[in-house]
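Fold and contact review
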Amino acid sequence: MVKVHEIKSTSTFAWSSDKKPLLVTGTVAGAVDANFSSASTLEITDVLTKTTLFSTSIDAKLHALDWSAPFESYTRGLIAGAFENGIVHLWDAAELLSSQDLAKAIVSKSEHHTGPVRALQFNPLQPYVLATTGSRGEIFVWDTKKLSAPFRPGQAMSPMEDVTCVAWNNSVPHIFATAGSSGFASIWDLKAKREVLHLSYSGASGRANLATVAWHPTQSTKLVTASDNDGTPLILTWDLRNANAPEKIMEGHTKGVLSLDWCKQDPELLLSSGKDNCTSLWNPIAGTKLGEYPTTANWAFKTRFAPAAPDLFATASFDGTISVQTLQDTLEPVSTRVKSTNEDDFWSQISTTDTQQPQFAVKQAPRWLKNSVAVSFGFGGKLVIVKNNMDDKTAKIVLAKIPSSDEVRSATEKLSS
Amino acid sequence: MVTIGDAHDDLIHDAVLDYYGKRLATCSSDKTIKIFEVDGDKHTLVETLRGHDGPVWQVSWAHPKFGIILASASYDGKVLIWQEQNGQWSNIAEHAVHQSSVNSVSWAPHEFGAVLLCASSDGTVSVVDFKDDGTTSPIVFKAHEIGVNAASWAPVDTNKKDQQVRRFVTGGCDDLAKIWRFDAQANTYIQEAILEGHTDWVRDVAWSPSLLLRSYIATASQDHSVIVWTQKSDGSGAWEKQLLQAEKFPDVVWRASWSLSGNVLAISGGDNKITLWKENLKGAWESAGEVEQ
């Protein structure tokens, strides 16, 4: 993997939906640095030019961040922060970048949660809609146009404790999924105003604790969940048309899985990361592992594709880095060692580990590189045409002849007759 | 019309005839390259070339004065050079400087020698000169943020034989096409012009192979449009753009190819249609039909 950039900070993050993506990062809750500093910062970085576009200190730490697609007057989208003190902050990204003033960019500050806010996500189909989840089973759905009154999604049927993950369906705007410490992944329908399904799994090695969930990019009934339980570190794909058992069970992580991201542009690519410090790439349709990226020196707690530039992805780790990498690197691997800059530092010593170079042979090319058709002219007005059927992966080649340029029109008419 | 079905076990990404139109090279996601002999309505598979470790995106035939030589570009980050001698195909060289998928490969006009142009998802372009003594000296430089999808050589201007300058156009994931010119003193390529007009990835670039009155470049994009760029003849060197058709194509436009005489442009899009285009006397582009099979 070509490491594009590395941000030195123990932070959670979210990508912008730009083609030259920006990353917003915020100091993550539940970790301290070597100086036991309680400081918290919010930053926006251009990962391609490696420049910090905005940086400010904030008064609390975060559990999660999300960045919406642009809508209405928010030309660069909204940034939402889920704080450990129960506050949900919304900032106007364009205002943050232009005025460099956090106070000016605040769209709202809401205190509806009674405990830490653990997760949030903007609706991919209706970017003004936000879902937030927290402790004690609190789930809120917000219309960012009238932030005063978030509503609850309705009656839960499974026990809810800390809800640490929320994910909107990518094709049906009123469906979302949550997961957390209760072990279940829950499917909610805002029209039915209740939890309509819950998923659970017990295998030979015990009960999975389904703590993360991600939806198929286009098929509304398919989703993937993973267990953060070290005893059953499984990734499971489901089709809700039969929610009794998973479709595919993917083994490979050696400790609990903390994060999943299903690529929006290619359903055959899924990223995962976890407590075994590994970030892996999978084909969730085939149920196979494609490769493993260089390990971090501590839990890799969040991994995400850049939504509009999926050749890039970022992984955040408790080793104090967010690394931005490319999906593929074809150069021969070299062995490296993750080392702290200060060898005398006790805290860095214990977090120093060997990074295993990736056993990486991503022979499966992403869908966005696969052309479905091709055409080329040859000598004597010959035209070579390739047509692929992307679904069943068959192809045909046609050699057509165009006698001379003056007769193109009549020739093509003849061809089509 | 010849139809070849089931040539490969997976998607086919490119199929190109050689200089004489007798041999067809095809390449596929099944990691192989196949060579067919084409004679009238008959076609015969003569060879399957194996050596790549990922999908093969493009193939390019060298000019016959260099022998029967084919270059192939793959997702595995490599460009392989293949040669046929006495009916035997073999891999004679490997060009592995890219850190990511090589999406496009093309031989320079033969007047420049055996020179290969490669475009990669790592954002760089490489130009490799295969010298007579067997050595190579690749020039690699950053061309487009995030990735380069396509590259195409400018034709040799036979009127200016003594002052040939290597030029080519590239298209990338930064929605731009760029024109590059060789700078002998610096021994690298310098950016001559930026062609700005697309709003999404430029998927293909094609420099018209013949020098009619003006130079033409076609750029095909993910934004469902094709732009034809012409260089002003007023000496300013500025490029003018014209949409091939005002309305959008129904899907992503994947490829653009000029006829060898340079007056017909073939376009292939994600709607699986192949359309032909010609410039009319008023300088506007009009449809010259659709190729149906």
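Computed from a predicted model, the values in this text were never measured in an experiment. (Residues numbered from 1 in each chain as written. Chains lettered and ligands numbered in written order. Predicted model: local features only at pLDDT ≥ 70, side-chain atom pairs only at ≥ 80, totals over all residues. Heavy atoms only, no water.)

**Here's the deal with the overall build of chain B**
Summing up its helical and strand segments, chain B has 0 helices and 25 strands in all. Considering only C-alpha atoms, chain B reaches an extent of 50 × 50 × 35 Å along its principal axes. Looking at chain B as a whole, 58% of its 293 residues are labelled buried. Sequence separation of 24 or more characterises 42% of the internal contacts of chain B that already satisfy a separation of 6 or more. Accessible area of chain B: about 12,100 Å², with a carbon and sulfur share of 45%. (Helix = DSSP H or I, 4+ residues; strand = E, 2+ residues; numbered from the N terminus. Buried < 20%, exposed > 50% of the residue type's maximum accessible area, 1.4 Å probe, protein only. Contact = heavy atoms within 4.5 Å. Areas by Shrake-Rupley, 256 points an atom, 1.4 Å probe, with all protein chains shown as cover.)

**Looking at the overall build of chain A**
Counting its regular elements, chain A contains 4 helices and 32 strands. Considering only contacts in chain A between residues 6 or more positions apart, those separated by 24 or more positions represent 48%. Carbon and sulfur atoms make up 48% of the accessible area of chain A, which amounts to about 16,900 Å² in all.

**Considering the UniProt feature "repeat: WD" (unreviewed entry) in chain B**
Per the UniProt record, "repeat: WD" (unreviewed entry) is annotated on residues 49-92 and 195-229 of chain B. Helix and strand shares over residues 49-92 of chain B are 0% and 61% respectively, and the end C-alpha atoms of the span are 12 Å apart. (UniProt positions renumbered as here; feature names shortened; annotations may be inferred.)

**Considerations on the pattern of salt bridges**
Residue and element names in this part refer to chain A. For the structure shown, the criterion picks out 19 salt bridges over all chains. Among the salt bridges present, the one from D18 reaches R76, with a minimum N-O distance of 3.6 Å. With D18 in the loop between β2 (11-15) and β3 (22-27) and R76 in the loop between β6 (62-67) and β7 (78-83), the pair connects residues that are 58 residues apart, well separated along the chain. Shared partners join several salt bridges into a network, and the residues in it are K222, D239, R241 and E247. (Salt bridge = Lys/Arg side-chain N within 4 Å of Asp/Glu carboxyl O.)

**Side note on the nonpolar core**
All names here are of chain A. W15, L23, L269, L281, F305 and L327 are the most contacted members of the largest nonpolar core, which has 34 residues in total. Where this core is concerned, the elements lending two or more residues are β1 (3-8), β2, β27 (300-305), β28 (312-317) and β29 (321-326). Residue contributions to this core peak at 4 residues, all from β28. Residues within four places of W15 in sequence aside, it is in contact with P21, L22, L23, V47, W67, R304, F305, A306, P307, F313, A314 and V324. (Core = buried A, V, L, I, M, F, W, Y, C linked by side-chain atoms within 4.5 Å.)

**Details of the pairing of strand β16 (residues 194-199) of chain A**
Residues and elements named next belong to chain A. Pairing of strand β15 (residues 185-189) with β16, which is carried by 5 bridges, proceeds in the antiparallel orientation. Bridge pairing links I187 to L197 in β16. Between β15 and β16, which pair antiparallel and follow one another directly, the connecting turn spans 4 residues, one of which, K193, has a positive phi of 60 degrees. (Pairing = 2+ DSSP bridges.)

**Focus: the sheet that holds strand β23 (residues 265-269) of chain B**
Residues and elements named next belong to chain B. The strand order β22-β23-β24-β25 describes an open sheet built from 4 strands, whose pairing is antiparallel. At either margin of the open sheet sits one strand with a lone partner, and together these are β22 (253-258) and β25 (285-291). Across the sheet, the mean angle from the axis of one strand to that of its neighbour is 25 degrees, orientation sign disregarded. Pairing of β23 with strand β24 (residues 274-279), which is carried by 4 bridges, proceeds in the antiparallel orientation. (Axes fitted to C-alpha atoms, helices over the stretch in contact; angles between N-to-C directions.)

**Some remarks on the environment of A:R152**
Residues and elements named next belong to chain A. Mapped onto the secondary structure, R152 falls in the loop between β12 (139-143) and β13 (163-168). Counting along the chain gives 24 residues from R152 to F176, while the straight-line C-alpha distance between them is 13 Å. Every residue in contact with R152, bar those within four places of it in the chain, is listed here: E138, I139 and F140.

**Quick notes on the sheet that holds β3(A)**
Residue and element names in this part refer to chain A. With antiparallel pairing, 4 strands are arranged side by side in an open sheet as β2-β3-β4-β5. In the strand order of this sheet, the two ends are held by β2 and β5 (51-58), each with one partner. Strand-to-strand, the axes of this sheet are offset by a mean angle of 15 degrees, without reference to chain direction. Both β2 and β3 contribute to a ladder of 5 bridges, which runs antiparallel. Within the sheet, the bridge partner assigned to T12 lies in β3 and is G26.

**Section: the packing of aromatic side chains**
Taken as a whole and assessed by the stated rule, the structure comprises 25 aromatic pairs over all chains. Ring geometry for A:F83 versus A:W91: centroids 6.2 Å apart, planes at 75 degrees, classification edge-to-face. Each member of the pair, A:F83 together with A:W91, is buried. Aromatic side chains B:F141 and B:Y189 sit 5.8 Å apart centroid to centroid with 20 degrees between the ring planes, which places their arrangement in the stacked category. One end of the pair, B:F141, is in strand β13 (residues 139-142); the other, B:Y189, is in strand β17 (residues 188-196), with 48 residues separating them in the sequence. Given a relative accessible area of 4%, B:Y189 falls into the buried group. Feature note: the residues B:F112, B:F141, B:W153, B:F168, B:W180, B:F182 and B:Y189 constitute an aromatic cluster, connected by ring pairs. Positioned over the ring face of A:Y128 is A:K145, at 3.9 Å from the centre of the ring. Note that B:R166 overlies the ring of B:F182, its terminal NZ or CZ placed 5.6 Å from the centroid. (Phe/Tyr/Trp six-rings, centres within 6.5 Å; stacked < 30°, edge-to-face > 60°. Lys NZ or Arg CZ within 6 Å of the ring centre and 35° of its normal.)

**Overview of the pairing of strand β10 (residues 102-107) of chain B**
Residue and element names in this part refer to chain B. For β10, the tally of buried residues reaches 6 of 6 residues, placing the bulk of the element in the interior. Here β10 pairs with strand β11 (residues 115-120) via 5 bridges, running antiparallel. Its bridge partner lying in β11, S104 is registered against A119.

**Focus on the side chain of B:S257**
Among the secondary structure elements, B:S257 is positioned in strand β22. By relative accessible area, which is 10% here, B:S257 ends up buried. Among the polar contacts listed, one links the side chain of B:S257 to the backbone nitrogen of A:F377, at a separation of 3.0 Å. Not counting the four nearest positions on each side in its chain, B:S257 is found in contact with A:V375, A:S376, A:F377, B:V264, B:L265 and B:A266. (Polar contact = N/O pair within 3.5 Å; in protein donor to acceptor, adjacent residues only side chain to side chain.)

**Considering the interface of chain A and chain B**
Between chain A and chain B, the contact holds 53 residues from the first and 70 residues from the second. Here chain A packs against chain B, burying approximately 5,400 Å² in sum over the two surfaces, 62% of which is carbon and sulfur. When the buried area of chain A at its contact with chain B is split by residue, A:F377, A:I397 and A:L399 rank highest and sum to 13% of it. For the pair chain A and chain B, the interface holds 2 salt bridges. Among the ionic pairs, B:D175 bridges to A:K19, the shortest N-O distance being 2.8 Å. Joining chain A to chain B, the criterion identifies 15 residue pairs in polar contact (both at pLDDT 80 or more). Counting residues per element, the ones that place at least two in the side of chain A that touches chain B are β30 (373-378), β31 (382-389), β32 (394-401) and α4 (408-416) of chain A. With 8 residues, β31(A) is the single largest residue contributor to the side of chain A that touches chain B. Classifying every residue of the side of chain A that touches chain B by side-chain character gives 28 nonpolar, 13 polar and 12 charged. Two elements, β32(A) and strand β1 (residues 2-5) of chain B, share 4 bridges in a ladder whose sense is antiparallel. (Buried area = accessible area lost by both parts, 1.4 Å probe. Nonpolar A, V, L, I, M, F, W, Y, C, P; charged D, E, K, R; others polar.)

**Considering the environment of A:Y74**
Residue and element names in this part refer to chain A. In this structure, Y74 sits in the loop between β6 and β7. A relative accessible area of 18% means that Y74 is categorised as buried. Placed 40 residues apart in sequence, Y74 and A34 show a C-alpha to C-alpha distance of 38 Å. Once residues within four sequence positions are removed from consideration, Y74 is found in contact with D92 and V107.

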